[in-house]
Amino acid sequence: MFPAEFDYERAESVSEALEALERYADADVEILAGGHSLVPAMKTEGREPDVVVDLDVPALDAVNALDDRTVLGALTTYATIADSGAVRSTVPLVAEAASEVGDLQIRNRGTIGGNLAAAHPGADLPAAVLASDATILLRNRDGKREVPATDFFRGDGETAVEPGELLAGVRVPHADGGGFAYAKKTHPATGYAMVGVAAVVETDGGGDGDADRDAGGEGTVSSARVAATGAVDRAVRLPSVEDALVGDPLDSAPIDAAASEARADIDPERLRADASASAEFRGELLEAYVARALETAADRAAGDTPTA
Ligand SMILES: Cc1cc2nc3c(=O)[nH]c(=O)nc-3n(C[C@H](O)[C@H](O)[C@H](O)COP(=O)(O)OP(=O)(O)OC[C@H]3O[C@@H](n4cnc5c(N)ncnc54)[C@H](O)[C@@H]3O)c2cc1C
């Protein structure tokens, strides 16, 4: 199916993009990044923007790994993120979530900026940036604006991006030891997450494999960030799970106890339902995938599982 007619603007720098957004301030504008949400929406879902601003900005396709944080430009593709040695060693959770997106064609074209801006309720990257305590970097004609990931996602397709603003990148702090994991139950038809759980668990002290972990010898959890996608209309942190983990060893019994809190922060009325999963089943998936993510994070914290 062909999309409705629209005006097309190519922007080869951030300023050109912001100028175009200002010029068309009174029009219905979409930004074209990887096009893997926008183009299907224009062809089959009745999305009819007046103008499409095509972001062709090499500077936004960049990985900048610094001492304590890694900055990912908005146009960085999932494939680049998943394959980048710098991302895998500094913010491996983001690399793992990117490697779980759709199929190879989608990973080669889709961008982290488009993924976060599109804010699909089952998208993978929102959970990863929430559990990573990342900051979303926005640009507008007045300068820059930074929004913590926890304040960024407002609902299905709704974010903190204002009209005239561009998502320029994401700043992800490096975790301080411990383990991480992204565990995803893939929707059989769409590839999105029916439920996906991202976890970053920091521990005091170090472990020495299975025996040490079984003995609780890897130290106690000093901080935990756990986020879910797919369960409700946006990606959300699960503070009850996080609170249950802190102060205990990252061990089977505390993990089970924390996973049993997975539904405590979610109003059952808000759980998504579709042809593949009822709301009740999604609640069960959520609990199971929280446990899976935490078990993998625990294994990695104990040094049992390769991280790259
Ligand atoms: C078959 C299929 C399977 C998929 N499976 C998955 C999956 O498993 N997991 C997953 O997470 N996603 C999945 N996706 C979605 C895919 O990841 C998209 O690439 C992503 O949602 C949007 O990224 P994009 O770069 O393609 O953005 P586009 O489609 O170009 O843009 C999407 C939206 O974001 C806005 N936008 C884009 N960039 C910016 C920016 N820099 N600043 C402000 N606004 C911006 C646009 O205006 C538009 O509204 C799938 C898509 C398809 C078609």
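Residues numbered from 1 in each chain as written. Predicted model: local features only at pLDDT ≥ 70, side-chain atom pairs only at ≥ 80, totals over all residues. Heavy atoms only, no water.

In the nomenclature of an unreviewed UniProt entry, the chain is known as Xanthine dehydrogenase family protein subunit M of Halosimplex rubrum.

**Overview of the UniProt feature "domain: FAD-binding PCMH-type" (unreviewed entry) in the chain**
This is how the line gets drawn: UniProt positions are given in the numbering used here, feature names are shortened, and annotations may be inferred rather than shown by experiment. In this text, helices come from DSSP runs of H or I with a minimum length of four residues, and strands from runs of E with a minimum of two, each type numbered from the N-terminal end.
According to UniProt, the positions carrying the feature "domain: FAD-binding PCMH-type" (unreviewed entry) are residues 1–177. Within residues 1–177, the helical portion is 34% and the strand portion 27%, while the C-alpha atoms at the span's ends are 50 Å from each other.

**Some words on the nonpolar core**
Heads up, the rule is: To form a nonpolar core, buried Ala, Val, Leu, Ile, Met, Phe, Trp, Tyr and Cys residues must be joined to one another through side-chain atoms within 4.5 Å. Burial classes follow relative accessibility: with a 1.4 Å probe on protein chains only, a residue under 20% of its type's maximum area counts as buried, one over 50% as exposed, and anything between as partly exposed. Note on contacts: a residue pair qualifies if any of its non-hydrogen atoms lie within 4.5 Å across the two residues.
Grouped together as the largest cluster of nonpolar side chains are 40 residues, with contacts concentrated most on Leu93, Val94, Ile112, Leu116, Leu125, Phe152 and Val170. The contacts of leucine 116, once residues within four sequence positions are left out, are Leu125, Pro126, Val129, Ile136, Phe152, Phe153, Thr159, Leu167 and Val170. Judged by nonpolar contacts, the second largest core, of 35 residues, contains Val195, Val236, Leu250 and Ala297.

**Some thoughts on the site of the ligand**
Rules: Whether a residue is near a molecule or strand is decided by its heavy atoms; if any one of them lies within 4 Å of it, the residue is near. N or O atoms closer than or at 3.5 Å make up a polar contact, with two conditions inside protein: a donor-capable atom paired with an acceptor-capable one, and, for residues adjacent in sequence, both atoms drawn from side chains. Throughout, the Shrake-Rupley method with a 1.4 Å probe supplies accessible areas, and for residues the shown protein chains are the sole cover considered. Each residue receives one of three labels: charged for Asp, Glu, Lys and Arg, nonpolar for Ala, Val, Leu, Ile, Met, Phe, Trp, Tyr, Cys and Pro, and polar for the others, Gly being one of them.
In the vicinity of the ligand there are 29 residues, among which Glu30, Tyr78, Thr111, Asp124 and Gly191 approach most closely. Aspartate 124 is positioned such that a nitrogen or oxygen atom in its side chain is 2.6 Å from a nitrogen atom of the ligand. One nitrogen or oxygen atom from the main chain of glycine 191 is found 2.6 Å from an oxygen atom belonging to the ligand. Protein chains bury 88% of the 970 Å² of accessible surface belonging to the ligand in isolation. Examining the composition of the shell around the ligand, we find that four residues originate from one element, helix 7 (residues 112–118), more than from any other. Taken together, the residues of the shell around the ligand sort by class into 15 nonpolar, eleven polar and three charged.

**Considering the pairing of strand 13 (residues 221–229)**
Remember that side chains alternate between the two faces of the sheet whenever the strand is regular. The line we're drawing: In this scheme, strands are said to pair when DSSP sees at least two bridges between them.
Summarising burial for strand 13: seven of the nine residues are buried, a large majority. Direction of pairing for strand 12 (residues 193–203) relative to strand 13: antiparallel, over a ladder of eight bridges. Bridge pairing links valine 201 to alanine 224 in strand 13. Across two bridges, strand 13 lies against strand 14 (residues 236–237) in antiparallel orientation. Paired with alanine 227 across the strands is arginine 237, a residue of strand 14. Hairpin geometry of strand 13 and strand 14 is characterised by an intervening segment of six residues between the two adjacent antiparallel strands and by a positive phi of about 90 degrees at glycine 230.

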